[in-house]
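If you want the building blocks of each chain, they are given just below.
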Amino acid sequence: MKKEFYNIAKLVTQNSKVLDVGCGNGELMKYITENISTDIRGIELSKSNVQKCVEKGLTVIEGNAEKDLKQFPDSSFDFVILSQTLQAFLDPENVLNELLRIGKKAIVSIPNFGHWKVRLHLLLKGTMPVTENLPNEWYNTPNLHMCTIKDFENYCKNRNIKINLKNLKYHNFFSELGIFVLEK
Amino acid sequence: MSKFKDTKKIIVKKPLKLDCGKTINNFPLAYETYGKLNGDRSNAILIFHALTGDQFASGINPITKKDGWWNYALGPGKAIDTDKYFVIAANVIGGCMGSFGPSDINPETKKPYGTNFPVITINDMVNAQYNLLEYFKIEKLFSVIGGSMGGMQVLQFVSNFPNKALTAIPIACTASHSAQNIALNELGRQSIMADRNWRDGFYEEQNKQPDKGLAVARMAAHITYLSKGGLQEKFGRKLQERDDLKFSFDADFQIESYLRYQGSVFVDRFDANSYLYITRAMDYFDLTKKFGGNLSKAFEKSNTKFFIISFTSDWLYPTSENRDIVIALNAIGKNVGFVEISSDKGHDSFLLDVPDFLNTVRYFLNTSYKQIK
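Small disclaimer: the values here were computed from a predicted structure and weren't measured.

### Some points on the pairing of strand 2 (residues 40–44) of chain A
Residue and element names in this part refer to chain A. Most of strand 2 sits out of view: 5 of its 5 residues are buried. Burial along strand 2 is two-sided: the residues Ile40, Gly42 and Glu44 and Arg41 and Ile43 are all buried. Here strand 1 (residues 18–21) pairs with strand 2 via 4 bridges, running parallel. Bridging from a neighbouring strand, Leu19 pairs with Arg41 of strand 2. With 4 bridges joining them, strand 2 and strand 3 (residues 59–62) adopt parallel strand pairing. When the sheet's bridge partners are listed, Arg41 is paired in strand 3 with Thr59. For the segment spanning strand 2, helix 3 (residues 47–55) and strand 3, crossover handedness is right-handed.

### Re the interface of chain A and chain B
A common measure of how large an interface is: the accessible area buried when the components associate. Across the contact, 15 residues belong to chain A and 18 residues belong to chain B. Those elements giving two or more residues to the side of chain A that touches chain B turn out to be helix 3 and strand 3 of chain A. Sort the elements by how many residues they give to the side of chain A that touches chain B and helix 3 of chain A lands first, with 5 residues. Split by residue class, the side of chain A that touches chain B holds 6 nonpolar, 5 polar and 4 charged.

### Considerations on the nonpolar core
Most often, soluble globular proteins have nonpolar side chains that are buried together. Ranked by size, the top nonpolar core spans 151 residues in total, and within it Val80(A), Ile45(B), Ile80(B) and Val87(B) carry the most contacts. For this core, the two domains that each supply at least three residues are domain 1 (2–177 + 287–372) and domain 2 (182–279) of chain B. Apart from the residues within four sequence positions on either side, Ile45(B) is in contact with Ile80(B), Tyr85(B), Val87(B), Leu141(B), Phe142(B), Ser143(B) and Ile145(B).

### A closer look at the domain arrangement of chain B
Residue and element names in this part refer to chain B. According to the domain assignment, chain B contains domain 1 (2–177 + 287–372) and domain 2 (182–279). For domain 1 versus domain 2, the separation of C-alpha centres amounts to 26 Å. Each partner contributes residues to the interface: domain 1 has 26 residues there, and domain 2 has 21 residues. Broken down by class, the residue content of the side of domain 1 that touches domain 2 amounts to 10 nonpolar, 12 polar and 4 charged.

### Topic: the packing of helix 4 (residues 179–193) of chain B against helix 8 (residues 272–283) of chain B
Residues and elements named next belong to chain B. For the pair helix 4 and helix 8, the least separation of the axes is 10 Å and the interaxial angle reads 160 degrees. As summarised for this structure, helix 4 and helix 8 are arranged roughly antiparallel, according to the angle between their axes. You can see that helix 4 and helix 8 cross each other, and the crossing is left-handed. Counted together, Ile182, Asn185, Gly188, Arg189 and Ile192 of helix 4 and Ala272, Tyr275, Leu276, Thr279, Met282 and Asp283 of helix 8 form the full contact between these two elements. Residue composition of the contact of helix 4 with helix 8, by class: 6 nonpolar, 3 polar and 2 charged.

### Let's talk about the environment of Gly213(B)
Residue and element names in this part refer to chain B. Within the secondary structure, Gly213 is located in helix 5 (residues 211–225). Sequence separation of Gly213 and Ile332 is 119 residues, and the distance between their C-alpha atoms is 45 Å. The residues touching Gly213, leaving out its near neighbours within four places in the chain, are Ser191, Ile192, Met193, Ala194, Asp195, Trp198 and Ala272.

### Examining the confidence of the model for chain A
When pLDDT is averaged along chain A, the result is 92, and 96% of the positions lie at 70 or above. When mean pLDDT is taken per element in chain A, strand 1 of chain A scores highest with 98 and strand 6 (residues 162–166) of chain A scores lowest with 79.

About the cut-offs
- Note on numbering: residues in each chain are counted from 1, in written sequence order.
- As a convention, the first chain written is A and the first ligand written is 1, with the rest following in written order.
- Confidence filtering applies because this is a predicted model: local features only for residues at pLDDT of at least 70, side-chain atom pairs given and counted only at 80 or more, and all residues used for totals across whole chains, interfaces and linings.
- Counting other C-beta atoms within 10 Å of each residue's C-beta, where C-beta atoms are placed from the backbone, gives the exposure class: buried for 20 or more, exposed for 12 or fewer, partly exposed between.
- The helix count covers DSSP runs of H or I at least four residues long, the strand count covers runs of E at least two residues long, and both are numbered beginning at the N terminus.
- Two strands qualify as a pair provided that DSSP identifies no fewer than 2 bridges between them.
- Here, the term right-handed applies to a crossover whose path from the first strand over the helix to the second runs clockwise when the strands point away from the viewer.
- Distance between backbone-placed C-beta atoms decides contact: two residues are in contact if it is within 7 Å.
- Each residue is assigned to one class: nonpolar for Ala, Val, Leu, Ile, Met, Phe, Trp, Tyr, Cys and Pro, charged for Asp, Glu, Lys and Arg, and polar for all the others, Gly among them.
- In this description, a nonpolar core means buried residues of the types Ala, Val, Leu, Ile, Met, Phe, Trp, Tyr and Cys, linked to one another by C-beta atoms lying within 7 Å.
- An automatic or database domain assignment is the source of the domain bounds shown.
- Axis definition: a line fit to C-alpha positions, over the contact stretch in the case of helices; interaxial angles, taken between N-to-C directions, run 0 to 180 degrees.
- Roughly parallel means an angle under 35 degrees; roughly antiparallel, over 145; roughly perpendicular, 65 to 115; everything else is oblique.
- Note on convention: near helix rotated counterclockwise from far helix by under a right angle means a left-handed crossing. Clockwise means right-handed.
- The predictor's confidence in any single residue is recorded as pLDDT, a number from 0 to 100.

The following block contains the structure:
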């Protein structure tokens, strides 16, 4: 399992009620189910990923996070997880607002466009950065709204979103990934 | 009736007040079982059939001598594994497979009820079937499962008996019968009623059945169970045992011949009045009605874990209507999963060999069962 998932799972309280938005093939959900809380479900858009979740015996709702989060009532989950997909939504601001509405806490991870490798790549090569966390070319990347850790921190500050805990033992320059626990 | 001599049934002694206002009692309810009930009675599943189904869900139907309608899903080692679960397949009242229905003899007139049979609803069906739990002394079902009208019964069951099922799998159904579906059912009913042998529903006295009307009703309905793509792929414009068009009204096309066949075999196994009564029950189904249009309220008292399944090519009970149930459950924080299965087999997908569908049922049941063991 990806190291990121261990780090996210560590932030989830035992036996809490969890929603994994864009849960992919269910790897993180499975780990949380087996180790932290069985009261977890996911939303996933891709039919093949939904089937992979089903095969793992996970509760998955086939759907589109951009449209389908509105059906959940306020504060209906202790944790809502969004792993590395915020930048791929058409309207990430709306998704973020919805996460903070339906979750008492939201755990959000973003690939950091401010990492030194990314900066160096653009500076020296003059082409769009391709790294381990940003593996796609400009023409086939699903990422519509790239940001840096600093951008995201600034955004939260401006919108009065509380960053409860963050993994930033490093900082904007050295972390490839930012993992944030957010509260409204 | 002698053809039902191998049919298991309970006689429901308790009076059942129907939605139409009438009360029935001492009536038969047919069922079949598969698998064994375990020691702590925790492995029981109640399955509900669709419009023209019956209690013979698996194996060979002793009356029609054909495969049970859910052979793909139900049996030893199958998605609903009868090596593991005890499955009760309930028939519906209003039907013609041994449960109380319009072809039964009215003790007052000594003749079949015909259209003097009371109009029944999905609610009435489920309330009658609930007696099976008492009969088998099952405190809590492990699951309730059904597709199409069977799915409506699942929803109604959970709403009526919120703590009697641990899990529920409504498949390809709706919480409120749509105008289009009422229209299609009305087409079938009018076709039966237009048959001169129908005689206002008292045809059994004449010994002539409205077979033509019932066959046309079935043909029309059968189209709605398939998809345009599926039909095109299977039949296209292929001709039936001929090299060219005959310039007549014979069944030139394979699809015509196929539909005629479907109609003709259907009348051998199904009663025209039952068709009227059961389609009426479907049309009257609107789970939101009692709750001021708010479907969530129908499930408020329930802790049942739901898994809802729809199919991409099902235009009769489309994904949007299945998703409305998901939305209603999520709105009150209930536990629900949802999958739309890719299939070009239309509404009938739930009866057919659609591996993703069967796996979904299997994995959901397996995981849920592990959690209680």
